[in-house]
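# Understanding the architecture of this molecule
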Amino acid sequence: MSIEIRSAPHIKGARTVEIIMRHVVWSLMPVCAFYIFQYGLSALASLVVVTGSCLATERYFVRQGGQSGDISDFSAVITGILLALSIPPGFPLWMGAVAGGVAIALGKALFGGIGYNVFNPALVGRAFVQAAFPTAIATYTPSFMPGRFYEFIPSSMALPLMQPESITEWLTLKHFDALAGATPLAKWKFDGVLANADELLTSLSGHMAVGPSPLLILICGIYLASRRFMDWRIPLAILGSAGLTAWLLFALNPDRFPNPFFMLFSGGLILGAMYMATDMATSPVTPKGMWVYGALIGLLTVIIRYYSGLPEGVMYAILLGNAATPLIEKITQPTPFGKSVLAAFGRQRKGASYPLHPGYISREDAGAVTPRKRILFDKPKKPRQES
Amino acid sequence: MSQSPPRTWDEFMEGIWRQNPVFVMVLGMCPTLAVTVSGVNALSMGVATTFVLVFSCGLISLLRKLIPKEVRIATYIVIIATFVTVVDYVIQAVSLALYDALGAFIQLIVVNCIILGRAEAHASKTPPGVAMINALGMGVGFTIGLLALGTVREIFGAGTLFGVALFGESFQPWVVMVLPPGGFFVLGSWLLFFAALERRKQRKLAEATQNA
């Protein structure tokens, strides 16, 4: 028996970060497989290049020192896969590599490595390429193209630093019209064409320009949640809040707004809700906070989709939710045992109480006074020894 | 003014390396981030600031015994504003395109903290010659800092360097680099680079003292 000499806690769960991350990667494998089936060689190359770029950057920064984690903990793999799934399949590979590098460098290494990041690294990478290459990231291609398994989408193979060639010519060569490259959300936003919810859910029918199948992501996400590798509250809150907001607006004005199912199953909302918003380091730990966080993201997604110039808003909604996480955690601190309203009946509660040992409260916290007396408050007094 | 040459050289180099306004003191960030979308903009902004810096520091140094302590900041601002007005009109006369590109940031040289800082910390205590040499060094250091940002942002944001195309027709511009976030990214990267240099120097110094 090995004896570990260290401070508490001494009883630990069997689940390490590595095991959790590995399960998330496994659960993403069917999604990736279907994504490759949809888009062929380009999707495979995109997944490999982006994940490879994430791993290389992670390795570099871990070797530099001052970082927690290592590439063996699979977190960079998740970042890479999620990033690759959230960009168009025909995204130029060199831009994908840039996105992966930025995701780890700016999104994670800058803050000190795994567990310290404020924003979801995959979304930081995506936000960077969205700002840097706005045309390329909006250029989708139809799925189930003939010959996709032995031919790249031409835009994938753009030379580094060079513009990808236009895919319009390639589309006409394959007998598709120019509209075929628009995502269902863009079609609705700019042309007023609405796709059916059941088509969106499986993304099997026709040559729709969509990301990975929402149904498959839902199934994989439910598996993860049932194994307790992820908290079910966050996706439920996001989808519930987005669905409710969309349904309310649809009920108010069915001509202007699409039906709520279109909102839920289009774009990256399911992927974002299941895999990106649930990132453990960047989402609240308090159960109440998870509901608030999810509701905020769902609401923001619908608002951005309806009222801004962009067709898709999941990325910014989740990033804003990440930014609000510390605040949400602060206002949703659970009441410690013995401190409930009933127990404190007649006594005035003074703000939220910290579940931590009071000694850990940072001195910078406004007006934080270490309440030393409080912990010893209920302790029976020792009988004073007469001397 | 009987300074030995090394002292003068030292005064000049201080602004370029040891106390570089952009990379060491991190002063004057407003023009640094805002106008450095291209190399030409950065260079002209740097030259304009250097001109104002040198002459206002010289004049303040000349008048340093006459300026009452109580109203010195107001006096400095009036002197600086005079030279800024000169620069403003000169740029407008020479190149209207450049004037439009730099916009309000020419007038804002008045409140650039490098200039006021030099006036307060250096020019008001030293004779004009030394003050002007020091100011020139600071100005050149500021220009180098702006160029370091401007050239990188221009190469990535437009694929050109001082207007000369580097990568040919089909270059993909990184739009983010000419937007405000790009300024922060590039500035952060440069600061990281100089911090790494500083740390390496410290480590070598520590090793040297250990060996000794």
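One can find the structure itself at the top, above this paragraph.
We now turn to the structure provided with this report.

For chain A, the count of helices and strands is 16 helices and 0 strands. Per-residue burial over chain A gives 48% buried out of 387 residues. Look at the contacts in chain A between residues 6 or more apart in sequence, and 75% of them connect residues 24 or more apart.

Attention now moves to helix α10 (residues 214-226) of chain A. Residue and element names in this part refer to chain A. Here α10 is 13 residues long and its end C-alpha atoms lie 18 Å apart, about the 18 Å a rise of 1.5 Å per residue gives. Every buried residue belonging to α10 is among Pro214, Ile217, Leu218, Cys220, Gly221, Leu224 and Ala225, and all of these are buried. Contact partners of the buried residues in α10: α1 (17-39), α9 (197-202), α11 (233-252), α12 (260-265) and α13 (269-276). Two residues or fewer after α10 comes arginine 228, characterised by a positive phi angle close to 60°.

Here we take up the interface of chain A and chain B. Listed by partner, the interface residues are 13 residues for chain A and 10 residues for chain B. Taken over both partners, the interface formed by chain A and chain B buries close to 1,100 Å², and the fraction arising from carbon and sulfur atoms is 73%. Along the contact surface separating chain A from chain B lie 0 salt bridges. In terms of residue count, helix α4 (residues 93-107) of chain A provides more of the side of chain A that touches chain B than any other element does, 4 residues in total. Looking at the side of chain A that touches chain B, its residues break down into 12 nonpolar, 1 polar and no charged.

Moving on to the side chain of glutamine 38 of chain A. In this structure, glutamine 38 of chain A sits in helix α1. If near-sequence neighbours (up to four positions away) are discounted, glutamine 38 of chain A is found in contact with Ser143, Phe144, Met145, Arg148, Ser203, Val210, Gly211, Pro212 and Ser213 of chain A.

So, on to the pattern of salt bridges. Applying the stated criterion to the full structure yields 7 salt bridges over all chains. Measuring nitrogen to oxygen at the nearest pair gives 3.3 Å for the salt bridge that ties glutamate 58 of chain A to lysine 108 of chain A. One end of the pair, glutamate 58 of chain A, is in helix α2 (residues 41-64); the other, lysine 108 of chain A, is in the loop between α4 and α5 (121-132), and 50 residues separate them in sequence. Each member of the pair, glutamate 58 of chain A as well as lysine 108 of chain A, is classed as buried. The network of salt bridges with shared partners includes Glu14, Arg18 and Arg118 of chain B.

Residues and elements named next belong to chain A. For the pair helix α3 (residues 75-86) and α4, interaxial distance at closest approach is 10 Å and the crossing angle is 135°. The orientation of α3 relative to α4 falls into the category oblique. Considering how the two elements wind past one another, α3 and α4 form a crossing that is right-handed. On α4, the residues that touch Ala76, Thr79 and Leu83 of α3 are Ala99, Gly100, Ala103 and Ile104. Split into classes, the residues belonging to the contact of α3 with α4 amount to 5 nonpolar, 2 polar and no charged.

Let us now look at the packing of helix α14 (residues 287-307) of chain A against helix α15 (residues 314-331) of chain A. All names here are of chain A. With their axes 8 Å apart at the nearest point, α14 and α15 run at an angle of 150° to one another. In this view, α14 runs roughly antiparallel relative to α15, as classed from their interaxial angle. Crossing angle aside, the handedness with which α14 passes α15 is right-handed. Along the contact surface, α14 presents Gly289, Val292, Tyr293, Leu296, Ile297, Leu300, Thr301, Ile304 and Arg305, while α15 presents Val314, Tyr316, Ala317, Ile318, Leu320, Gly321, Asn322, Ala324, Thr325 and Ile328. Residue classes in the contact of α14 with α15 are distributed as 13 nonpolar, 5 polar and 1 charged.

A separate point is unusual backbone geometry. You will see that arginine 228 of chain A, though not glycine, has its phi angle at about 60°, which is positive. Secondary-structure assignment places arginine 228 of chain A in the loop between α10 and α11. Positive phi, close to 50°, is recorded for valine 26 of chain B, a residue that is not glycine. Looking at the secondary structure, you find valine 26 of chain B in the loop between α1 (5-18) and α2 (29-34).

Quick notes on the rules
Residues numbered from 1 in each chain as written. Chains lettered and ligands numbered in written order. Predicted model: local features only at pLDDT ≥ 70, side-chain atom pairs only at ≥ 80, totals over all residues. Heavy atoms only, no water. Helix = DSSP H or I, 4+ residues; strand = E, 2+ residues; numbered from the N terminus. Buried < 20%, exposed > 50% of the residue type's maximum accessible area, 1.4 Å probe, protein only. Contact = heavy atoms within 4.5 Å. Expected span 1.5 Å × (residues − 1). Buried area = accessible area lost by both parts, 1.4 Å probe. Salt bridge = Lys/Arg side-chain N within 4 Å of Asp/Glu carboxyl O. Nonpolar A, V, L, I, M, F, W, Y, C, P; charged D, E, K, R; others polar. Axes fitted to C-alpha atoms, helices over the stretch in contact; angles between N-to-C directions. Parallel < 35°, antiparallel > 145°, perpendicular 65-115°, else oblique. Left-handed = near helix turned anticlockwise from the far one by under 90°.

Limitation: the analysis is restricted to geometry and does not speak to function.
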